[in-house]
Structures are given as structure tokens and as C-alpha cells.
Amino acid sequence: MSGTSEGGTRAETVEPLGVELLPTGHPGVDAGLARLDALDGVPAEAHVAVYEDVHQRLADTLAALDQE
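The text that follows walks through the structure, step by step, so that each part is easy to find. (Residues numbered from 1 in each chain as written. Predicted model: local features only at pLDDT ≥ 70, side-chain atom pairs only at ≥ 80, totals over all residues. Heavy atoms only, no water.)

Regarding the side chain of threonine 61
Moving on, step 1. As for its position among the elements, threonine 61 is in helix H2 (residues 47-67).
Moving on, step 2. Aside from chain neighbours lying at most four places away, what touches threonine 61 is His26, Gly28 and Val29. (Helix = DSSP H or I, 4+ residues; strand = E, 2+ residues; numbered from the N terminus. Contact = heavy atoms within 4.5 Å.)

Written out as C-alpha cells, the structure is:
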């Protein structure tokens, strides 16, 4: 059967979004945002763990700014 994987589900072609991430100038924020590059071309179900990691990194960066 054409277009299906071994499990019988339709194979999905994932296209890169091509979104350019511009540096913010803050190393902690830039490091967190750089993780989003790993998602380009990856199926959406794999995004959750990366989004959670980026969210935590950005929250930690904001918390550290509050301590300064």
C-alpha cells in the first residue's frame, strides 16, 4: 500500500518551517531559542518535550533576572 507505514498509518511528510531565529543578545534567551532549531522538519508530536525545555529555560532566565 503506497503512502502508509508498517503500522498502516499514512506516512507524513514534514516540511521545515524556515523560520529564522534572530539573536536577542541575551545568552540565556538565545540558548533556549536555539533549541527550537531542532524542531524544523520534525513531526508535531515530538515538539512537546522541546517546548517544555525551552519554556523552563526561559522561566529560569527570567527568575535569574529578578535576582539581579
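Don't stop here, the text continues.
Considering the pattern of salt bridges
Here the idea is simple: oppositely charged side chains can pair when their charged atoms come close.
Moving on, step 1. Applying the stated rule across the entire model yields 2 salt bridges.
Moving on, step 2. Note that aspartate 53 and arginine 35 form a salt bridge whose closest N and O atoms lie 2.7 Å from each other. With a gap of 18 residues between them, aspartate 53 in helix H2 and arginine 35 in the loop between helix H1 (27-34) and H2 connect regions that are remote in the sequence.
Moving on, step 3. Given the relative accessible area of 26%, arginine 35 is considered partly exposed.
Moving on, step 4. One salt bridge connects arginine 57 with aspartate 53, and the closest N-O pair in it is separated by 2.9 Å. On the criterion of helical spacing, the pair formed by arginine 57 and aspartate 53 is a turn pair, its members being 4 residues apart in helix H2.
Moving on, step 5. Given a relative accessible area of 33%, arginine 57 falls into the partly exposed group.
Moving on, step 6. Each of Arg35, Asp53 and Arg57 takes part in a single network of salt bridges with overlapping partners. (Salt bridge = Lys/Arg side-chain N within 4 Å of Asp/Glu carboxyl O. Buried < 20%, exposed > 50% of the residue type's maximum accessible area, 1.4 Å probe, protein only.)

Spatial relationships are all this shows, so hold off on functional conclusions.
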